[in-house]
Amino acid sequence: MVCQLVQEKMKNNQVLLLIDNDDLINKAKKVGINTFLFPVQGYSVGFKKAYEITDIKEEAFLYINRNLTNEDIDNLKIIMTKLPTNIKGIVFEDLGLINVLKDTNLIKIYDSRHLNCSYLSVNAMLDFVDSVILSTDITESEMKIIIEKASKKISLYTFGLNRIMYSRRTLLTNYAKEYNLDKKEEKDVLEKVTNQKFKVVENEYGTVFYPEKFYNGLRLFNLDAAYYMVNLAFLPSGDQDKLLNNFKNSNYIVDGISSLTSSYFLDEETYYKLPPKEEK
């Protein structure tokens, strides 16, 4: 049932597939995905590849997910007046872009994945944008409540590594300098206290930390939303093929890659009761 829904959303161009390599575009088109989300060169963090807008030829949304300076926003004001017609929308995080985008015809989607957690905050943002991507820190039940009470259709992050930290500092570069190591822009690290593994990705605009497992919210295709974001970045090529073929062939949609994924907080609330303070 979910797979049939995925196919229906693909036909309606509601599936936004994030692109971080050119081969993925052709793979996606073969299974029926035709709307893509491109990290923009100079305005995105956390990916191996970002794109110049002039190099994007497909029907596309732009992805701008880094903290911007005043100069960055001034430059984007100019860029937004010269966009080619294949650019249909923008997914962004920095609130400074609201005024830049307000008079454009772009579909505007606000993505602050750890903040859009209640229908009150979502509706406040929907006064300024066409949709928001809900936080991945809430349960499916909480998402349903927000969808019901939202003033416009929301959007959902359905698959991919989930950014859990972003620093404007170039942490991998600084670490390499401190210990006289070769510089790497991508590194898998182990946090020894909790024994948690993280993928760390750096470019000149900062450093992003991802957890080891991919967020699997593909069942959220069952919910009524404006757009469904799928992010296959850092998923091995063969596993990308498995997932895309499952979309096409109506197999169970995580067949063959379930060991790489987790539903994280979809079934378990994230808040915890703190212990009482000890008497002095």
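Colleague: What should I look at first to understand the overall build of the chain in this one?
Modeller: Scanning the chain from terminus to terminus reveals eight helices and 14 strands. Its C-alpha atoms give the chain a radius of gyration of 19 Å, within 12% of the compact-globule value 19 Å for 280 residues. Principal-axis analysis of the C-alpha atoms places the extent of the chain at approximately 60 × 45 × 40 Å. With an accessible surface of roughly 14,800 Å², the chain has 48% of that area assigned to carbon and sulfur atoms. Computed over 36 positive and 39 negative side-chain charges, the inter-centroid distance for the chain is 1 Å.

Colleague: Could you clarify how one ought to interpret the sheet that holds strand S6 (residues 131–133) in this entry?
Modeller: Neighbouring strands of a sheet are bound in pairs by backbone hydrogen bonds; such pairs are parallel or else antiparallel. Taken in spatial order, the 10 strands make up an open sheet running S6-S5-S4-S3-S2-S1-S13-S7-S12-S14, and their pairing is mixed. The sheet is open, and its two edges are formed by S6 and strand S14 (261–262), each paired on a single side. Across five bridges, the pairing between strand S3 (residues 60–64) and strand S4 (residues 87–92) is parallel. From the neighbouring strand, Tyr-63 faces S4, where its bridge partner is Val-91.

Colleague: Looking at this structure, how should I read the sheet that holds strand S11 (residues 206–211)?
Modeller: Read across the sheet, four strands follow the order S8-S11-S10-S9 without closing on themselves; strand pairing throughout is antiparallel. In the strand order of this sheet, the two ends are held by strand S8 (165–167) and strand S9 (186–191), each with one partner. Put simply, the sheet's adjacent strands are angled 25° from each other on average, direction ignored. Inspection of the sheet shows S9 paired to strand S10 (residues 196–203) by six bridges, in the antiparallel sense. From the neighbouring strand, Glu-191 faces S10, where its bridge partner is Gln-196. Packing of helix H7 (residues 171–178) onto the sheet brings it into contact with S8, S9, S10 and S11, and relative to S10 it is tilted by some 95°.

Colleague: Please clarify how the packing of aromatic side chains should be interpreted in this entry.
Modeller: For any pair of aromatic rings, the description rests on two quantities: the centre-to-centre distance and the angle between the ring planes. Under the counting rule described, the total for this entry stands at 12 aromatic pairs. Residues Phe-221 and Tyr-228 carry aromatic rings whose centres are separated by 4.8 Å and whose planes lie at 15° to one another, so their mutual orientation is stacked. On the numbers, 6.4 Å between centres and 80° between planes, the contact of Phe-221 with Phe-247 is edge-to-face. Of the two residues, Phe-221 is situated in the loop between strand S12 (214–216) and strand S13 (228–231) and Phe-247 in helix H8 (residues 237–249); the sequence distance between them amounts to 26 residues. Grouped by ring-pair contacts, the aromatic residues Phe-36, Phe-38 and Tyr-51 constitute a single cluster. The lysine or arginine in question, Lys-49, covers the ring of Tyr-51, its NZ or CZ lying 4.7 Å from the ring centre.

The rules behind these values
Residues numbered from 1 in each chain as written. Predicted model: local features only at pLDDT ≥ 70, side-chain atom pairs only at ≥ 80, totals over all residues. Heavy atoms only, no water. Helix = DSSP H or I, 4+ residues; strand = E, 2+ residues; numbered from the N terminus. Rg over C-alpha atoms; globule rule 2.2 N^0.38 Å. Areas by Shrake-Rupley, 256 points an atom, 1.4 Å probe, with all protein chains shown as cover. Lys, Arg positive; Asp, Glu negative; His and termini not counted. Charge placed at Lys NZ, Arg CZ, Asp CG, Glu CD. Pairing = 2+ DSSP bridges. Axes fitted to C-alpha atoms, helices over the stretch in contact; angles between N-to-C directions. Contact = heavy atoms within 4.5 Å. Phe/Tyr/Trp six-rings, centres within 6.5 Å; stacked < 30°, edge-to-face > 60°. Lys NZ or Arg CZ within 6 Å of the ring centre and 35° of its normal.

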